[in-house]
Amino acid sequence: MRGRMRGWALALLLGALRASGTELTFELPDSDKQCFHQELDRGLKFTLDYQVISGGHYDVDCYIEDPNGRTIYRETKKQYDSFPHHTELTGIYTFCFSNEFSTFSHKTVYFNLQVGDEPPILPDMGTRVTALTQMESACVTIHEALKAVIDSQTHYRLREAQDRSRAEDLNGRVSYWSVGETVILFVVSVGQVMLLKSFFTEKRPVSSAAGT
C-alpha cells in the first residue's frame, strides 16, 4: 500500500513539473489562414514547434507577431520548424499559419507551444550543497527518462500520421489509375470487336427497282 502511494505521488510530482504549454492539431483549408493568440509576460521563454501532417507538399507559411505588431519570426512553405524566443514585451503574441498560397490543397497542421522554463524537480535543487539521496536521484532519472519518452512518442506519432496520409493518398491515386485503365481496356476491347465484326459483315448492294 505504501509503495503504491509513493508511486502515485511520484507520478503527480512529475506531471506537475512540466512547463505550461499548448498542443493542438487543426485543419487549414486552402486559401485560408489561422491565427492563435497567447498573452505572455516580459522575459518569458517560449518555443514553437510545428509540422504539417497532411496535404499538398506538406508545407505552410508561419509568422509570429509581438504585441506591437512587429514580426519576430516568418518562414514560407516550411514542412516543420522550431523557434525559441525570449519575450521583450508584455502583451498578446500572435501565431499565424497561412495556406493562402495554395488554391486546392487542404492541410492538417500540428503545433506545440511551450511557455516558460521547466521548474526543478526539487524545490531547493539549485541552491542545495548536499548530495541527492538515492530516492531523489531516482526521481530525477525517472523524470528525465519520461521527458525523453514523451518527446519520442510525439515525434513518432507525427511521423506515423504523415506516413499514413501519404499512403492513403498514394492508394487513392493507384485506385483511380486502375479504374481508368479498366475503362480504357473496356473501350478498346469493344472497339476491336466492332472493327472485326465490320470486316466479316457482308455488304449487299442496294438495287433500286424502276417502275414502268
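The structure displayed is predicted, hence computed values, not measured ones.

Caption draft 1: Here's a closer look at the overall build of the protein chain. What the protein chain contains, in helices and strands, is 2 helices and 8 strands. Walking the protein chain from its N terminus toward its C terminus, one meets helices and strands in the order α-β-β-β-β-β-β-β-β-α. Counting the 212 residues in the protein chain, one finds 26% classified as buried. With the model as given, the accessible surface of the protein chain reaches about 15200 Å², and the carbon-plus-sulfur share is 58%.

Caption draft 2: Fine view of the layout of surface pockets. Here the second largest pocket is characterised by a volume of approximately 330 Å³. Per-element accounting of the lining of the second largest pocket gives the leading share, 3 residues, to helix 2 (residues 134-199). Considering only residue class, the lining of the second largest pocket consists of 3 nonpolar, 7 polar and 5 charged. Two domains each donate at least three residues to the lining of the second largest pocket, and these are domain 1 (19-117) and domain 2 (123-198).

Caption draft 3: Structural view of the pattern of salt bridges. On inspection of all chains with the given rule, the structure shows 6 salt bridges. Among the ionic pairs, D66 bridges to R70, the shortest N-O distance being 3.3 Å. A relative accessible area of 5% places D66 in the buried class. R70 gets classed as partly exposed once you look at its relative accessible area, which sits at 45%. If you follow the salt bridges from partner to partner, you end up with D66, R70 and E88 in one network.

Caption draft 4: Structural detail: the packing of aromatic side chains. On inspection of all chains with the given rule, the structure shows 11 aromatic pairs. Centre to centre, the rings of F26 and F111 are 6.0 Å apart; their planes meet at 70°, and the pair counts as edge-to-face. Taken together, the residues F26 in strand 1 (residues 20-28) and F111 in strand 8 (residues 107-115) connect sequence positions 85 residues apart. Geometry around Y63 places R74 over its ring, the cationic atom sitting 4.8 Å from the centre. For the cation-ring pair, R166 lies above Y58, with the distance from its terminal atom to the ring centre recorded as 4.4 Å.

Caption draft 5: Representation of the UniProt feature "transmembrane region" (unreviewed entry) in the protein chain within the structure. Cross-referencing UniProt, the feature "transmembrane region" (unreviewed entry) maps to residues 174-196 in the present numbering. Helix and strand shares over residues 174-196 are 100% and 0% respectively, and the end C-alpha atoms of the span are 33 Å apart.

Caption draft 6: View of empty space enclosed by the protein. Here the structure, examined in full by the defined rule, presents 1 cavity of 30 Å³ or more. Each pocket or cavity is described by its volume, and for the largest cavity that value is around 30 Å³. Lining the largest cavity, in full, are D66, R70, I72, H85, E88, L89 and Y93. For the lining of the largest cavity, a count of residues per class yields 3 nonpolar, 1 polar and 3 charged.

Caption draft 7: A look at the state of the cysteines. One pass over the structure, following the stated rule, counts 1 disulfide. For C35, the disulfide goes to C96, at an S-S distance of 2.0 Å. Between C35 and C96 the sulfur-sulfur dihedral comes to about 110°; the bridge is accordingly right-handed. Of the two residues, C35 sits in strand 2 (residues 33-40) while C96 sits in strand 7 (residues 91-98), which places them 61 residues apart along the sequence. The class of C96 is buried, set by a relative accessible area of 2%. Just so you know, C62 is unpaired, no disulfide at all, and the nearest cysteine sulfur is the one on C96, 8.1 Å from it.

Thresholds, definitions, all that
- The numbers attached to residues start from 1 for each chain and follow its sequence in the written order.
- Residues qualify for local features only when their pLDDT is at least 70, as the model is predicted, and side-chain atom pairs are given and counted only at 80 or more; totals for whole chains, interfaces and linings, by contrast, use all residues.
- Excluded from the side-chain calculation are hydrogens and water; included are all heavy atoms of the structure.
- Put simply, DSSP marks the helices as runs of H or I at least four residues long and the strands as runs of E at least two long, and each gets a number from the N terminus on.
- To sort residues, take the accessible area from a 1.4 Å probe on protein chains only and compare it with the maximum for the residue type: under 20% means buried, over 50% means exposed, and anything in between is partly exposed.
- Computed with a 1.4 Å probe, the accessible areas rest on the Shrake-Rupley method; for each residue, only the protein chains presented here act as cover.
- Here a cavity is any set of points on a 1 Å grid over the protein atoms alone where a 1.4 Å probe fits but cannot get out, and a pocket is any open set with protein on both sides within 12 Å along at least 5 of 7 lines; a residue lines the site when it has an atom within 4 Å of a point.
- Grid points are joined across faces, edges and corners, and a volume is the space filled by probe spheres set on the points.
- Side-chain classes are defined by residue name, with Ala, Val, Leu, Ile, Met, Phe, Trp, Tyr, Cys and Pro counting as nonpolar, Asp, Glu, Lys and Arg as charged, and the others, Gly among them, as polar.
- Where each domain begins and ends is defined by an automated method or by a domain database.
- Salt bridge criterion: a side-chain nitrogen from Lys or Arg within 4 Å of a carboxyl oxygen from Asp or Glu.
- Geometry of aromatic contacts follows a simple scheme: Phe, Tyr and Trp rings, the Trp one being its six-membered ring, pair when their centres are within 6.5 Å, and the pair is stacked under 30 degrees between planes, edge-to-face over 60, tilted otherwise.
- The rule is short: NZ of Lys or CZ of Arg within 6 Å of the ring centre and within 35 degrees of the ring normal puts a charge over the ring.
- UniProt positions are given in the numbering used here, feature names are shortened, and annotations may be inferred rather than shown by experiment.
- In this description, the term disulfide denotes a pair of cysteine sulfurs within 2.5 Å.

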